[in-house]
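# Topology and contacts: notes
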Amino acid sequence: VAGAGNSKLLRVLRGEALEVPPVWMMRQAGRYLPEYRELRARAGSFLDLCYTPELAEEVTLQPIRRFGLDAAILFADILLLPHALGQELSFSEGEGPRLAPVVADRQALGRLRPIDEMRETLAPVYETVRRLARSLPADVPLIGFAGAPWTVASYMVAGQGTADQGPARCWMYRDAEGFERLIELLTEATIVYLAAQIEAGAQAVMLFDSWAGSLPPERFVRYVIEPARRITAALARAWPQVPVIGFPRGAGVMYEVFAHETGMAAVALDTAVPLDWARRALRGVALQGNLDPMVLVTGDPELSRMARRIVEALRGVPHVFNLGHGITPDADPRNVELLLRAVRG
Ligand code: 1CP
């Protein structure tokens, strides 16, 4: 039977090992595509692109049309959630995101907007999901997403991206109880946000914990594992058939605890994870990953060799082919064609 319920992605996320894995790429819509750059220039700003449903829909569809990938991911950003909670958000060219005022202590928590008022800001995102549920090809499922509480907190506290998440780590050591309140608020907000995306038509969701690797093990359990478990459990109660993919980037050996204790259907592996280890240690979940995105800049012969090696290393286990992190703006779209040929044969 045709349809997204029987799509390759959803079959693998339900635990099936396929001869040829489904393929999609983190950040598959973005600046490496000329058609994206053109639309972004017309939209004016990145935020206008995210909050204009016709444009966000179109940008989501661009890589599907051009390459025939096996899944689409909603075009949005993990920082729309703090924006909806009342922080001002801007993306200035070449400088990255800015959030203000910073939420750096427990007093600042009181200045955030209540969770049930997020919809005012996020309604266009849900409209984008509804449109995509209608416009995507029947066999291409839509993945909704959110940032995980720890990673989103690291931006809210610093007001911008940081190499070491220093400000959030300092707060959590100075005032663990206050910091935990931020994590709990974000856990609740993320459940509401992902639930609304599923209601609007997302068929799987992904939780991006891009900075999971900066926490010591006991804090990793409290701020990465615990929230992930609560989010997955809350969604499973209402939508047991909707798989959740977790991406605790940089988790190292903690990937094992993450895979076994969060209830995720799949874990996304970063580039550094050895696949023979993952195959043995992460049984019971589907594995997504983990090509170094830099070979999409440099091309063959390494690109095809490494892609085929990943397919072979995960043969016989449920595997979704992807990158170990997002595709970069200097990637060559022709290399994506080479990648698809290497994976699909
Ligand atoms: O056009 C532009 O210049 C904006 C570049 C851009 C894009 C295309 C940003 C700014 N965000 C996005 C889209 C985006 N972000 C998606 C869309 C779907 C897709 O095609 O994959 C997704 C899933 C994200 C997720 C995201 N945003 C993460 C988690 C994944 C990761 O890459 O680690 C993070 C950390 C962000 C924050 C963010 N947004 C944008 C930038 C440049 C950053 C990183 C900022 C920093 O830490 O310095």
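In what follows, the structure referred to is the one given above.
Anyway, here's the lowdown on the structure attached to this text. Everything numeric here is computed off the predicted structure, so don't read it as measured data.

A few words on the packing of helix α7 (residues 119-135) against helix α10 (residues 176-200). The contact between α7 and α10 brings their axes to 8 Å, and the two run at 35°. When you trace α7 past α10, the crossing you get is right-handed. For the pair α7 and α10, the contacting residues are R119, L122, V125, Y126, V129, R130 and A133 in the first and Y193, A196, Q197 and A200 in the second. Considering only residue class, the contact of α7 with α10 consists of eight nonpolar, one polar and two charged.

Before going further, it helps to examine the sheet that holds strand β6 (residues 244-248). Spatially, β1-β4-β5-β6-β7-β8-β9 is the arrangement adopted by the seven strands of the open sheet, whose pairing is parallel. At either end of the open sheet lies a strand with only one pairing partner, and these are β1 (72-73) and β9 (319-323). When strand β7 (residues 266-268) meets strand β8 (residues 286-291), the two strands line up parallel, connected through three bridges. Directly across from A266, in β8, lies its bridge partner A286.

In the vicinity of the ligand there are 22 residues, among which R27, Y36, D77, Y155 and S210 approach most closely. Between an oxygen atom of the ligand and a side-chain N or O atom of S210, the distance comes to 2.6 Å. Here the ligand loses 86% of its free accessible area of 900 Å² to cover by the protein chains. Grouping the amino acids of the shell around the ligand by side-chain chemistry returns 14 nonpolar, four polar and four charged.

Time to look at unusual backbone geometry. The residue after A100, namely P101, is reached through a cis peptide bond having omega -15°. Structurally, the position occupied by P101 is in the loop between β3 (96-100) and α6 (106-109). Going from G289 to N290, the amide bond is cis rather than trans, its omega being -20°. One can find N290 in strand β8. One non-glycine residue, R27, lies in positive phi territory at about 60°.

Definitions and cut-offs
- Residues numbered from 1 in each chain as written.
- Predicted model: local features only at pLDDT ≥ 70, side-chain atom pairs only at ≥ 80, totals over all residues.
- Heavy atoms only, no water.
- Axes fitted to C-alpha atoms, helices over the stretch in contact; angles between N-to-C directions.
- Helix = DSSP H or I, 4+ residues; strand = E, 2+ residues; numbered from the N terminus.
- Left-handed = near helix turned anticlockwise from the far one by under 90°.
- Contact = heavy atoms within 4.5 Å.
- Nonpolar A, V, L, I, M, F, W, Y, C, P; charged D, E, K, R; others polar.
- Pairing = 2+ DSSP bridges.
- Near = heavy atom within 4 Å.
- Polar contact = N/O pair within 3.5 Å; in protein donor to acceptor, adjacent residues only side chain to side chain.
- Areas by Shrake-Rupley, 256 points an atom, 1.4 Å probe, with all protein chains shown as cover.

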